[in-house]
There are 2 protein chains.
Amino acid sequence: MEIPARPLTLAGEIAATLEKEIITGDLAPGQRLDEQMLGNRFNASRTPVREALRLLAASGLVTSEPRLGTLVSRPTVSEIMDLFELVGEMEAVAARLACERMTEHHRIAIADSHEACRLAAAGADVDLYIRMNDLFHAAIHAASDNRALIAQIGALNKRLMPYRHFITFRPERNQAATQEHELLAAKLLSGDAPAAARAMREHVGMLAEDALVLARSLKL
Amino acid sequence: MEIPARPLTLAGEIAATLEKEIITGDLAPGQRLDEQMLGNRFNASRTPVREALRLLAASGLVTSEPRLGTLVSRPTVSEIMDLFELVGEMEAVAARLACERMTEHHRIAIADSHEACRLAAAGADVDLYIRMNDLFHAAIHAASDNRALIAQIGALNKRLMPYRHFITFRPERNQAATQEHELLAAKLLSGDAPAAARAMREHVGMLAEDALVLARSLKL
DNA sequence: TTCAAAATTCTTGTATACATCTGGCATACG
DNA sequence: CGTATGCCAGATGTATACAAGAATTTTGAA
């Protein structure tokens, strides 16, 4: 399920490259993925290309129908909403579990990464903010102490990345997110698990809403 | 991700067969899956067999390491616990959403399937009870109205099926489950979403506990 | 000119052959 | 006798060839 950092096989390398391109939007939803063409591009035969496509299909990034070929997934708005809701619920679960289980080490990691987010949001370095935001959420995940949950959230985020990609770069959204983080961190660190879960659900819900509004306005 | 009912490709057919055998336990965890051997068995070449194995690896039923081959997944006790906890949390989410969203149609389906579970538990037909139990949970899932959530729960249950397989056949467990269903159904139908979520979490937690106790006693 | 049907072409599914790596075993050396 | 090294068998990764189905184009007639 997890694609290794340094793939030992051609198929894995191809999958990793295509995944990155889909996530960043270089490969647009609906784009057809011709096996032979990809083979030429990567100087490989169709065999490893096919395996790569199956790997991506498994994570939901591409859709493959027998005899019809595979293309970059283009979920409906309704499906995207379901995915956002699901990831929000799972993040909320992670927040609640983190609240109940976090050790001192986790507590420090959460507090520190939250502070780093604040500083990054104040500055203008968008890329830095994104990294710190990821770090904050990762700290919560780690504290939840459930590998399966963390893996699922990661997989879902990959699928949603093409749609949250452009929203993350909007500074005003980052300002709002920082305030939401503020509440979330407070509830987490004070040990109020239900409130932390609610705050997280709200936080992801806001992101989803903005992403969908923007998506509609861009007629995607 | 979803394996079609009537696969049009050899790979899909092989995957479906192997999946069933893993779920029922005919293929034990840790069992090595030799590509050529499987090819002989299904009168197919290694190519579709490899694709089938990749499909199963994606759903977590088999584990595949480059150059080392693939074998039926044998998660650690800790990993199984994480999976049970995760599915419990997701079922709880489904229960809460179902509570908030169910239409009259869903309400009837939940009440009816619950009643069917009661009757089946009173009788001795274990297979019937299992089907009715699935129906009850499916009714809740449907009411939650989130396809992505339903799909995830289904995938997780597949991965856990080898471990809950033997517990489901124990009549005393079914008696207890029926009582848990009673509480769950009451909360669902009365519209108490948080209580329904708690009841569901508790319900799955009980199952997990029993499954793990039994697994340990059987030295799996 | 337009619609329909057939043929061609292109893409995917499968089979087979070759390359490369892993693991075991035997042999030789310390 | 224990350990290390090198060879060999077997399995996986990749490439190529062939088969079958889908889409497009072309051709024919109305």
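Nothing here was measured: the structure is a model prediction, and the numbers come from that model.

1. Quick word on the overall build of chain A
Part 1 of the reasoning: Helix and strand counts for chain A stand at nine helices and three strands.
Part 2 of the reasoning: Taken over C-alpha atoms, the radius of gyration comes to 19 Å for chain A, in line with the 17 Å a tight globule of 220 residues would show.
Part 3 of the reasoning: Along the longest, intermediate and shortest principal axes, the C-alpha atoms of chain A span 55 × 40 × 30 Å.
Part 4 of the reasoning: A burial count over chain A gives 47% of its 220 residues as buried.
Part 5 of the reasoning: Counting only contacts in chain A whose residues sit at least 6 apart along the sequence, the fraction spanning at least 24 positions is 73%.
Part 6 of the reasoning: Accessible surface computed for chain A: about 11200 Å², of which carbon and sulfur atoms make up 55%.
Part 7 of the reasoning: Across chain A, the centroid of the 25 positively charged side chains sits 5 Å from that of the 29 negatively charged ones.

2. Overview of the sheet that holds strand β3 (residues 69-72) of chain B
Residues and elements named next belong to chain B.
Part 1 of the reasoning: The strand order β1-β3-β2 describes an open sheet built from three strands, whose pairing is antiparallel. The open sheet terminates on both sides in strands that have one partner only, identified here as β1 (32-33) and β2 (62-65).
Part 2 of the reasoning: In the sheet, β2 pairs with β3 via four bridges, with the strands oriented antiparallel. Pairing of Val 62 across the sheet is with Val 72, part of β3.
Part 3 of the reasoning: Against the sheet, helix α3 (residues 46-59) makes contact with β1, β2 and β3, and its axis sits at roughly 110 degrees relative to β2, the strand it touches most.

3. Let's talk about the interface of chain B and chain A
Part 1 of the reasoning: The interface of chain B with chain A comprises 28 residues on the first partner and 26 residues on the second.
Part 2 of the reasoning: Summing both sides of the interface, chain B and chain A together bury roughly 2400 Å²; the carbon and sulfur share of this comes to 53%.
Part 3 of the reasoning: Viewed at the interface, chain A and chain B are joined by eight salt bridges.
Part 4 of the reasoning: Elements with a minimum of two residues in the side of chain B that touches chain A: α3, α4 (77-101) and α7 (147-164) of chain B.
Part 5 of the reasoning: Per-element accounting of the side of chain B that touches chain A gives the leading share, ten residues, to α4 of chain B.
Part 6 of the reasoning: Taken together, the residues of the side of chain B that touches chain A break down into 13 nonpolar, three polar and twelve charged.

4. Digging into the protein's contact with DNA strand D
Part 1 of the reasoning: Not every one of the 20 residues close to DNA strand D is listed here, only the nearest: Leu 10, Ser 45 and Thr 47 of chain A together with Arg 32 and Arg 50 of chain B.
Part 2 of the reasoning: In the environment of DNA strand D, a phosphate oxygen lies 2.4 Å from a nitrogen or oxygen atom belonging to the backbone of Leu 10 of chain A.
Part 3 of the reasoning: One of the side-chain nitrogen or oxygen atoms of Asp 34 of chain B is found 3.2 Å away from a sugar or linking oxygen of DNA strand D.
Part 4 of the reasoning: The class makeup of the residues in the surface near DNA strand D is seven nonpolar, four polar and nine charged.

5. Side note on the protein's contact with DNA strand C
Part 1 of the reasoning: The immediate surroundings of DNA strand C are formed by 20 residues, with Arg 46 and Arg 50 of chain A together with Leu 10, Ser 45 and Thr 47 of chain B found nearest.
Part 2 of the reasoning: Counting only the atoms of DNA strand C within 4 Å of the protein, the fraction contributed by sugar and phosphate is 69%.
Part 3 of the reasoning: Between DNA strand C and the protein, one listed contact pairs a sugar or linking oxygen with a side-chain N or O atom of Asp 34 of chain A at 3.3 Å.
Part 4 of the reasoning: Listing elements by their share of the surface near DNA strand C, those giving two or more residues are β1 (32-33) and α3 (46-59) of chain A together with α1 (10-24) and α3 of chain B.
Part 5 of the reasoning: Here the residues of the surface near DNA strand C sort into seven nonpolar, four polar and nine charged.

6. With respect to the side chain of His 181 of chain A
Part 1 of the reasoning: Within the secondary structure, His 181 of chain A sits in helix α8 (residues 171-190).
Part 2 of the reasoning: Apart from the residues within four sequence positions on either side, His 181 of chain A is in contact with His 114, Cys 117, Tyr 129, Asn 133, Phe 136, His 137 and His 203 of chain A.

Rules used throughout
- Residues numbered from 1 in each chain as written.
- Chains lettered and ligands numbered in written order.
- Predicted model: local features only at pLDDT ≥ 70, side-chain atom pairs only at ≥ 80, totals over all residues.
- Heavy atoms only, no water.
- Helix = DSSP H or I, 4+ residues; strand = E, 2+ residues; numbered from the N terminus.
- Rg over C-alpha atoms; globule rule 2.2 N^0.38 Å.
- Buried < 20%, exposed > 50% of the residue type's maximum accessible area, 1.4 Å probe, protein only.
- Contact = heavy atoms within 4.5 Å.
- Areas by Shrake-Rupley, 256 points an atom, 1.4 Å probe, with all protein chains shown as cover.
- Lys, Arg positive; Asp, Glu negative; His and termini not counted.
- Charge placed at Lys NZ, Arg CZ, Asp CG, Glu CD.
- Pairing = 2+ DSSP bridges.
- Axes fitted to C-alpha atoms, helices over the stretch in contact; angles between N-to-C directions.
- Buried area = accessible area lost by both parts, 1.4 Å probe.
- Salt bridge = Lys/Arg side-chain N within 4 Å of Asp/Glu carboxyl O.
- Nonpolar A, V, L, I, M, F, W, Y, C, P; charged D, E, K, R; others polar.
- Near = heavy atom within 4 Å.
- Polar contact = N/O pair within 3.5 Å; in protein donor to acceptor, adjacent residues only side chain to side chain.

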